[in-house]
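Remarks on the overall topology
Residue strings, one per chain:
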Amino acid sequence: MFIFLSIRTSAVGLAFTALVLGAAAPALALSGPECLRQAYPEFWAPQVNAAADQTLVSVTGQRFEFDEHKDHLPHAPLLNQADLKTQMAQPYAAGFPATPPLRNQDPGRMRAQPFFLALYGATPTEVQRHLVAVPWAPNGRSLAFTRLNGAAQALERVGLTLAQEESTAAYVRQPAGSFYWRGIAGAPHLSVHAFGAAVDFTLPHGLGRYWQWSGCTEEGACPYPAAVLKDPALQRVVTVFEQEGFIWGGKWAHFDTVHFEYRPELVGPACSR
Ligand SMILES: [Zn+2]
């Protein structure tokens, strides 16, 4: 899998991959700025030469440099200072089988906070203005979620699909929090829950695992609970979420297996690299 991912970074690699697999050549992967533009179309202003432009401009005129030259920063400081390039740097591999993540392999966990504050709201009041009650079919209740960028509609579709089978419905009947304005324990930046774009569930069979409950630190190596990748019903739940633009915290070295967040810039068909 490592070789497969590494050679996909060039057009030659793509052609070679298609040859090896005997498949039709896949569409070329989009650049990081293009993935961001496609994932959040309501947020960005139209740009004349969008494909080549490394500066992204919101409809309100806020400018975001894709690359703020943070590459030299080590893992822990990057968590609090990530730019958009950092946010897009680690490929999120959708689907299963999945292998335990390597040390500090946390695709999607590095987030450019100024972008999220502008995207969803910089205060609880601003965020709440965009929240809607999403019908959650597995339990017949609802979840508070942002309606921006198609997030609420995507979540509703996930619920409708998971409710069709008892094996998957049972895993997501007990939500453990969607919107709450709070930081991440031990870090100065906000959780995606603060933006109403993430949801947790109480998982059965000891599948709910969190790196901080396992005695791990941000900097140290952390033993990954590999059994969470083998549970068929959880695999199905994760796959349905991924197909609707969500990433799963179980694919992070700093694992958070109860956590799903709406990140279409990472799991779109041309952006999952
Ligand atoms: Zn969470």
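Before reading further, recall that the structure is shown in the block above.
Heads up: these notes are all about the structure in this document. (Residues numbered from 1 in each chain as written. Predicted model: local features only at pLDDT ≥ 70, side-chain atom pairs only at ≥ 80, totals over all residues.)

**Overview of the nonpolar core**
Soluble, globular proteins show a tendency: their nonpolar side chains are buried together. Phe-145, Leu-234, Val-237 and Phe-241 are the most contacted members of the largest nonpolar core, which has 55 residues in total. It is helix α10 (residues 232-243) that contributes the most residues to this core, six residues altogether. Discounting residues that sit within four places of it in the chain, Phe-145 has contacts with Leu-131, Val-132, Val-134, Ala-151, Ala-152, Leu-155, Ser-178, Phe-179 and Gly-196. Formed by five residues, the second largest nonpolar core is a distinct cluster that contains Trp-211, Cys-222, Trp-252 and Phe-255. (Core = buried A, V, L, I, M, F, W, Y, C linked by C-beta atoms within 7 Å. Buried ≥ 20, exposed ≤ 12 C-beta atoms within 10 Å, placed from the backbone. Helix = DSSP H or I, 4+ residues; strand = E, 2+ residues; numbered from the N terminus. Contact = placed C-beta atoms within 7 Å.)

**What about the sheet that holds strand β5 (residues 198-200)?**
What the three strands build is an open sheet, ordered β5-β7-β6; its pairing is antiparallel. Two strands close off the open sheet at either side, each with one partner strand: β5 and β6 (246-248). Taking the axes of each pair of neighbouring strands and ignoring which way they run, one obtains an average angle of 20° across the sheet. Pairing geometry for β6 and strand β7 (residues 259-262), over three bridges, is antiparallel. Residue pairing for β7: Ile-247 is matched across the bridge by Glu-261. Along the sheet face, α10 touches β6 and β7 and points at about 145° away from the line of β6. (Pairing = 2+ DSSP bridges. Axes fitted to C-alpha atoms, helices over the stretch in contact; angles between N-to-C directions.)

**A short note on unusual backbone geometry**
With an omega of 5°, the peptide bond between Phe-96 and Pro-97 qualifies as cis. Among the structural elements, Pro-97 can be located in the loop between α5 (84-89) and α6 (113-120). Of note in this structure, His-69 is not a glycine but carries a positive phi near 60°. Mapped onto the secondary structure, His-69 falls in the loop between β2 (63-65) and α4 (75-81). Under the C-beta neighbour-count criterion, His-69 is labelled exposed, with 9 such atoms within 10 Å. A positive phi angle, near 60°, is found at His-205, a position not held by glycine.

**Looking at helix α3 (residues 32-39)**
Of all the eight residues making up α3, six are buried; the element is thus mostly covered by neighbouring parts of the structure. Among all positions in α3, only Gly-32, Pro-33, Cys-35, Leu-36, Arg-37 and Ala-39 are buried. Each element contacted by the buried residues of α3 is listed here: β1 (55-57), α5 and α11 (264-267).

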